[in-house]
Amino acid sequence: MLAGILSEGTELDENVKLALSVFLAVAPLDIKTVEAPPEASPVIIVPFEPAQISSPTINALGNSPLRMTGNWRVFRPVWNREVCTKCMACLARCPDGCISLDEEGFPCVDYENCKGCLICVRACPAEGIEKVREAQVL
Amino acid sequence: MTLRHCLKALGDRVVIVNAASCFTLLAIYPLSPFRNSWLYTAMASAPAGAQGVRDALDVLIEKGKLDFEEDLKVVVLTGDGSAYDMGLSSTSGALYRNLDFYYICYDNEAYGNTGFQESGATPLGSKTTTTPPGERHPIGSELPKKDLFEIWKSHRPPYLATISPAYPIDLINKFRRAGQHRGPKLFISLAPCPPGWGTDPSRSVDLAKLAVETGVWALKEAVFGEVGHTVVPKRFKPVEEYLRGQGRFAHLFRPARQEETLREIQERVDEYWRLHKLLL
Amino acid sequence: MKREMLTGNAAAAWGVRLVEVDYVPVYPITPQTEIIETLAGWISDGMMDTRFVTMDSEHSMITAAGAASATGARAFTATSSQGLLYGFEMIYTVAGWRVPLVMVNVSRGLSSPITLEPDHNDILAIRDSGFLQIHCETCQEVLDSIILAYRLAEDERVLLPVMVNMDGFYLSFTREPVEIPNLEEVREFLPPYRPKHAFFMASQPMAQGVAVLGGPAYSYFKYQMHLASLKALEVYGEICAEFEREFRRGYGPVEGYMLEDAEYALVMAGSFSTLGKKAVKRARDKGIRAGLLKLRLLRPFPEADLRKALEGKKAVAVLDQNISVGKGGILYSEVASCLCNSKKRPVLLSFIGGLGGKNISPHEFEFLFEKMIEAFEEGTSSGTHLLYTEKEWEEMSLLKRTAENEGKA
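Here is what the cut-offs are and how they apply
- One numbering rule holds for all chains: residues counted from 1, following each sequence as written.
- Whichever chain is written first becomes A and whichever ligand is written first becomes 1, with later ones labelled in order.
- Only residues with pLDDT of 70 or above have their local features reported here, since the model is predicted, and side-chain atom pairs are shown and tallied only from 80 upward, although totals for entire chains, interfaces and linings are computed over all residues.
- Note: side-chain values were computed over all heavy atoms of the structure, leaving out hydrogens and water.
- Strand pairing requires that DSSP identify at least two bridges connecting the strands.
- Put simply, DSSP H or I for four residues or longer makes a helix, DSSP E for two residues or longer makes a strand, and each gets a number counted from the N terminus.
- Note on contacts: a residue pair is in contact if any heavy atoms of the two residues lie within 4.5 Å.
- Axis angles are defined between N-to-C directions and span 0 to 180 degrees, where every axis is a line fitted to C-alpha atoms and, for a helix, only to the segment in contact.
- Buried area, as used here, totals the accessible surface that two parts lose on assembly, with accessibility defined by a 1.4 Å probe and the loss added over both.
- Salt bridges are counted wherever a side-chain nitrogen of Lys or Arg sits within 4 Å of a carboxyl oxygen of Asp or Glu.
- Contacts described as polar in this section are N or O atom pairs within 3.5 Å, which, within protein, must combine one atom able to donate a hydrogen with one able to accept it, while residues neighboring in sequence count only if both atoms come from side chains.
- Each residue gets one label: Ala, Val, Leu, Ile, Met, Phe, Trp, Tyr, Cys and Pro are nonpolar, Asp, Glu, Lys and Arg are charged, and the others, such as Gly, are polar.
- Residue exposure (1.4 Å probe, protein chains only): buried if accessible area is under 20% of the type maximum, exposed if over 50%, otherwise partly exposed.
- To qualify as a nonpolar core, a set must consist of buried Ala, Val, Leu, Ile, Met, Phe, Trp, Tyr and Cys residues joined through side-chain atoms within 4.5 Å.
- The source of the domain bounds is an automatic or database domain assignment.
- If the strands point away from the viewer and the path from the first strand over the helix to the second runs clockwise, then the crossover is right-handed.
- In this analysis, a patch consists of residues with relative accessible area above 30% that form no salt bridge, clustered at 9 Å for like charges and at 5 Å for the nonpolar side chains Val, Leu, Ile, Met, Phe, Trp and Tyr.
- Residue burial considers only the protein chains on display, and all accessible areas are found by Shrake-Rupley using a 1.4 Å probe.

Asks: Looking at this structure, I do not really get the sheet that holds strand β8 (residues 226–231) of chain B. What am I missing?
Replies: What holds strands together in a sheet is hydrogen bonding between their backbones, with the strands either parallel or antiparallel. Across the sheet, which stays open at both edges, the 10 strands sit in the order β1(A)-β9(C)-β2(B)-β1(B)-β3(B)-β4(B)-β6(B)-β5(B)-β7(B)-β8(B) with mixed pairing between neighbours. At either margin of the open sheet sits one strand with a lone partner, and together these are β1 (57–58) of chain A together with β8 of chain B. Sheet topology places strand β3 (residues 73–79) of chain B next to strand β4 (residues 101–107) of chain B; 5 bridges connect them, and they run parallel. Within β4 of chain B, the position partnered with Thr78 of chain B by the bridge is Cys105 of chain B. Against the sheet, helix α2 (residues 46–62) of chain B contacts β1 (14–18), β2 (37–40), β3 and β4 of chain B, and its axis sits at roughly 170° relative to β3 of chain B.

Given below as C-alpha cells:
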C-alpha cells in the first residue's frame, strides 16, 4: 500500500524494520480496568455573585508562568558555560521568553516553562547549547 | 517571539484587542501571560473593538472622566484567517476612519488553530487539510496568496510594514518609525507554524530567514503608500530551498517533481522583484 | 419638563440625549435609522457631548459599542431585524463581558421573505443571550425605558446589557404626545457610570473577555449571568418605584388592563397591545369578563408576577407576534412553563397574529375570545391558531394568481 507513496523500495523496508523494532521494544503488559468510584461531592445551590467577582476578567496579569508547561518537552536545552560568549542570541530568539540572565550574565532557562522547541540551540553562534533527551527509552 | 519583540517595542501601556486565533488561547481564565490589558472580541471584528476602545479612551479623557496618564496604545492582534478573510470589512472600516491603532497580523498562511485549513493567505502549492494533494488536484492549494499588503496599502495608511521573526532589528526599527505617526500602523509577520508547515520547531527562525533570502517574503514598508524595501538579498536563493524543507510542499518534490508548479512559484517571486526593479 | 409630539424613534433619541451617553457607533437600517439621524444632528449642532461614528456593519457596530462599554464609557447603539441578526454573534459576546450597553431594537420581520413591517422574531432571536429586554407599547414608554435601562444595566448587582424594543412603523413612525423630563431630574435619577469591574486604564491593566477551558468555569460564568438577570427583577422593582416618585409614571414588569376581575385573559407584548386593550373593552361591553396582560420585561422573565396575575382565570390566550417554525408561539411556551405547576392553572390557548405587521382586526379578537370561552367549557385546547381572515386569504389568492403560482400543485 505504501509503495505508491514511497518511491524507494529500500526506504519502505527501512521503515518496516524500524516500526517492527519499536513494536518489539514495548513490553506486553496486562491492563486491568477498575471502575472509578462515583464522585462523592454533593450537588450544591450555586449562590449569586456580583459581576465584580463573576465577570470573566483577569486582574492578576503576567501570571501565566504559574501554569507549568515544561512537561511538554522532549529535548531540553543545556548551556555549556565554557563556550557561551554571553551574546544573548538565545535570549532574543526564545519564543516563550523563558530565558533570562543570571548574576554572572550567563543565560539561564526556566525549565518549568521551556517547551523544548530548541530554537535557542540553532540560534547559538558558538554552538554552546546542547540538546539532551528528557527521558531515555530502554 | 515576534509578539514579544512587538510588545517590547510598544511598551507596557497597551491594550491588545484580539480576534479568534491561536493567541486567543494565551489568556485562559485565570491566567494571562501579558502585563498589559487585553480584550478578546470575535474573529471578524477586532479592528471594530479597537475603534470602540480608542474612541472610549479619547472621549473619557476629553470629558475629564479619565486622566490622560491612563491612556493606552490600542493594538489589534489577529491571525491571517481574520486579517485576510473574515475581518476585511472591519479592517477596511478602521483604515478608512484613520483609527489611531496598531495592527499585528500573524500570518502562518492557513487556519492554523483549527488544524491548518486553506485561508486567503495560503500560498500556491501548499498542502492544507482542505487542499490535500490528490490525483485530480496534485498541487494542493491552487490559488495564489492574497496580497494583503496591497489591500491595506490602497487605503493609504500612514504606516504599513511586513516583518519577520528572523529580523528582530528590522522589526524594532519599523515599530519605532511607525510610532511617529497617528492613524493606522499595520504589520504583517510571517509566522512559521511547525505543525502546519511540517517542520521542526527549532527551524522556525531559519525558515523565516530563508523566506526572506529567497524573496518569498519581502521585507518592506509603506509610508502613506510609498513603498520601500528594508531588506533586499544581494543574490536571491532559489525558492526551492525554502520549499523543500517543509512538509506542506513535500508533494511538489516527491514522488515526482511538479516542475510546472515549482516554476510558477519561482516565476511569481521573480515577477514581484522585477516589478519593484530589484531584480533584473 | 416639556411636552412634544414625538415619533417612537425621536422619543428613543431623546432618551439617549438625556442620559448623556459618551459614545454612539451606528449603522443604518430601516426602520431604526431616524434614531441615529436625530442623534447625529444634535451632536453636529453641539447639543450633545458625544462621540459618534458610522461603522462598517452591525457586527462591527455592536463590537465597538461593547468595547467602549468595556473601556468604561456609557455607550448606545440601535438596530433592527437583519441588522440584529448580522451582529448576533456580538450580542452574546457583549453580554458575556458583563458590560452595561443599552441598545434599541426597532422590530421588523425577518427575511426571507424580506419585509419591512414588524414582528418579534428579531428581538426573540436574542432571547437567551443575557441581554435584558424591555418591550414598549407607547412613545413615552420608549423614552422612559431608555433612562430606566441605563440605571438597571449599570447597577452593580446586574451589569448586563439591555435591549429596549419597539415595533417598527407602528411605533417608530407614529407621533404621540411625549413628556420630556428635565436633564437635571434625569441626572439625579441616573448617576454617572463608574465601573469597578471592567475598564481599561494604564495604571490597572486588565484582561477582559478571556477564554475558559472546561465545563465548570464556563458553567460558573453563564449561570452567574442568569442569576444576575434574575437579580435584575428585584432591582427593576426598586428603580421603577424611584422613577415613579421622581417622574410620576410607573412601569411594572407586567401591566394589567382590566385584568384583576377578568375571567378571560389575553397576553401580549409591544404596540399591538393597544389593539388588544380595545378588544378587551369591546368584549366587556358585550358582557365577557375579559382582561389583558402586557409583558414589558421579557428577560428576565417575570414569572412570579405572571403567575400571580393569571392563576385562577378561566382561560388565558397568548397572542404571539412571532413564530417558532415547527413549534408555534414563543411566548406561549414561556407562559405555559410558568403556569404548568400551578394548582389554579387556567386553560391555555396559543394564537399567532400580526406577523410582518399584519393588522389584527376587531373580528379576529372576537374570534379569539370565543375560542377562549369554548376552551374553558371543554376544559382543554390544542394547537396554534394563526389569526388570518377570509378576505386576507382571497387577497393572497389574487397575488398567487398574479405570480402565476396558483394551480401548479
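On we go.
Asks: How do you make sense of the environment of His276 of chain B when you look at a structure like this?
Replies: Residues and elements named next belong to chain B. By secondary structure assignment, the location of His276 is in the segment after α10 (259–275). In this structure the C-alpha to C-alpha distance between His276 and His229, which are 47 residues apart in sequence, comes to 9.1 Å. Residues within four places of His276 in sequence aside, it is in contact with Val227 and His229.

Asks: When you look at the interface of chain C and chain A in this model, what are you seeing that I'm missing?
Replies: Many structure descriptions define interface size as the accessible area lost when the parts assemble. The interface of chain C with chain A comprises 21 residues on the first partner and 15 residues on the second. When chain C packs against chain A, close to 1600 Å² is buried across both sides, 62% of that on carbon and sulfur atoms. Viewed at the interface, chain A and chain C are joined by 0 salt bridges. The interface formed by chain C and chain A holds 6 residue pairs in polar contact (both at pLDDT 80 or more) in total. Every element with two or more residues in the side of chain C that touches chain A is listed here: α5 (88–97), β9 (207–208) and α9 (215–247) of chain C. Ranked by residue count, the leading element in the side of chain C that touches chain A is α9 of chain C, at 7 residues. Classifying every residue of the side of chain C that touches chain A by side-chain character gives 11 nonpolar, 5 polar and 5 charged. Note: β1 of chain A against β9 of chain C, 2 bridges, orientation antiparallel.

Asks: In this structure, what is going on with the pattern of salt bridges? I would like to understand it.
Replies: Pairing is possible between side chains of opposite charge, provided their charged atoms come close. This structure, assessed with the given rule, holds 59 salt bridges over all chains. For the salt bridge of Glu134 of chain A with Arg73 of chain A, the shortest nitrogen-to-oxygen distance reads 2.7 Å. Highlighted residues: Glu134 of chain A in the segment after β5 (129–133) and Arg73 of chain A in the loop between β1 and β2 (75–79), separated in sequence by 61 residues. The class of Arg73 of chain A is buried, set by a relative accessible area of 12%. The partner of Lys185 of chain B in a salt bridge is Asp100 of chain B, and the shortest N-O contact between them spans 2.8 Å. You can see Lys185 of chain B sitting in strand β6 (residues 184–190) and its partner Asp100 of chain B sitting in the loop between α4 (88–96) and β4, a full 85 residues away along the chain. What you see here is one network of salt bridges that share partners, running through Arg54, Asp55, Asp58, Glu62 and Asp71 of chain B together with Arg51 of chain C.

Asks: What is the right way to read the interface of chain C and chain B from this model?
Replies: Listed per partner, the contact involves 37 residues of chain C and 41 residues of chain B. Counting each side, the surface lost to burial between chain C and chain B is near 3000 Å², with a carbon and sulfur contribution of 63%. When the buried surface of chain C facing chain B is broken down by residue, Arg51, Phe200 and Ala202 of chain C rank first, second and third, together holding 19% of it. Two residues, Glu62 of chain B and Arg51 of chain C, come together in a salt bridge whose shortest N-O distance is 3.0 Å. The tally of links between chain C and chain B comes to 19 residue pairs in polar contact (both at pLDDT 80 or more). Listed by contribution, the elements that provide at least two residues to the side of chain C that touches chain B are β3 (51–54), α3 (58–71), α5 and β9 of chain C. A total of 7 residues in the side of chain C that touches chain B trace back to one element, the largest contributor, which is α3 of chain C.

Asks: Would you mind showing me how to read the sheet that holds strand β5 (residues 102–107) of chain C here?
Replies: Residue and element names in this part refer to chain C. Across the sheet, which stays open at both edges, the 5 strands sit in the order β4-β5-β7-β6-β13 with mixed pairing between neighbours. Strands at the two margins of the open sheet, each flanked by one partner only, are β4 (76–79) and β13 (297–299). Neighbour-to-neighbour, the strand axes of this sheet turn through a mean angle of 20°, independent of strand direction. Pairing of strand β6 (residues 132–135) with β13, which is carried by 2 bridges, proceeds in the antiparallel orientation. Considered in β13, the bridge of Ile134 is made with Leu297.

Asks: Just to check I follow, could you spell out the environment of His137 of chain B for this structure?
Replies: Following the sequence through the fold, His137 of chain B ends up in the loop between β4 and α5 (148–153). Judged by relative accessible area, His137 of chain B falls into the partly exposed class, the value being 43%.

Asks: Honestly, the nonpolar core in this entry has me stumped. Any pointers?
Replies: The tendency in soluble globular proteins is for nonpolar side chains to be buried as a group. Membership of the largest hydrophobic core comes to 175 residues, with the highest contact counts inside it found for Trp152 of chain B together with Phe76, Val104 and Leu295 of chain C. Mapped onto the domain boundaries, this core takes at least three residues apiece from domain 1 (2–247) and domain 2 (255–394) of chain C. Ile58 and Leu61 of chain A together with Leu171 and Phe175 of chain B belong to the second-largest nonpolar core, a separate cluster that totals 28 residues.

Asks: Sorry, what's going on with the pairing of β5 of chain C here?
Replies: A regular strand carries its side chains on alternate faces of the sheet. All names here are of chain C. Within β5, 6 of the 6 residues are buried, which leaves the element mostly enclosed by the surrounding structure. Along β5, one buried face is formed by Val102, Val104 and Val106 and the opposite face, lined by Met103, Asn105 and Ser107, is buried too. Alignment of β5 against strand β7 (residues 162–167), held across 6 bridges, turns out to be parallel. When the bridges of β7 are listed, Val106 appears paired with Met166.

Asks: Help me out: how do you make sense of the pairing of β7 of chain C in this one?
Replies: All names here are of chain C. Burial runs high along β7: 6 of the 6 residues are buried. Side-chain alternation along β7 places Val162, Val164 and Met166 on one buried face and Met163, Asn165 and Asp167 on a second face that is also buried. In the sheet, β6 pairs with β7 via 4 bridges, with the strands oriented parallel. Opposite His135, over in β7, you have Asn165 as the bridge partner. Handedness of the crossover is the feature at issue here: the chain leaves β6, passes through helix α7 (residues 139–154), returns alongside β7, and the resulting connection is right-handed.

Asks: Quick question: what am I supposed to make of unusual backbone geometry here?
Replies: If a residue is not glycine, its phi is most likely negative; likewise, a peptide bond is most likely trans. Residue and element names in this part refer to chain C. The linkage connecting Thr30 with the following residue, Pro31, adopts the cis geometry, with an omega of 0°. Assignment of secondary structure puts Pro31 in the loop between β2 (23–26) and α2 (33–44). Across the junction of Ser112 and Pro113, the peptide omega takes the value 5°, indicating a cis bond. Following the sequence through the fold, Pro113 ends up in the loop between β5 and α6 (121–125).

Asks: Would you mind showing me how to read a nonpolar patch on the surface here?
Replies: Residues and elements named next belong to chain C. Together, Leu386, Tyr388, Trp393, Met396 and Leu399 give the surface a local cluster of nonpolar side chains, amounting to about 500 Å² of exposed area. Sort the elements by how many residues they give to the nonpolar patch and helix α14 (residues 390–402) lands first, with 3 residues. Of note, Tyr388 is situated in the loop between β16 (384–386) and α14. Among the residues examined, Tyr388 registers a relative accessible area of 36% and is labelled partly exposed.

The values reported here are purely geometric and, on their own, carry no functional implication.
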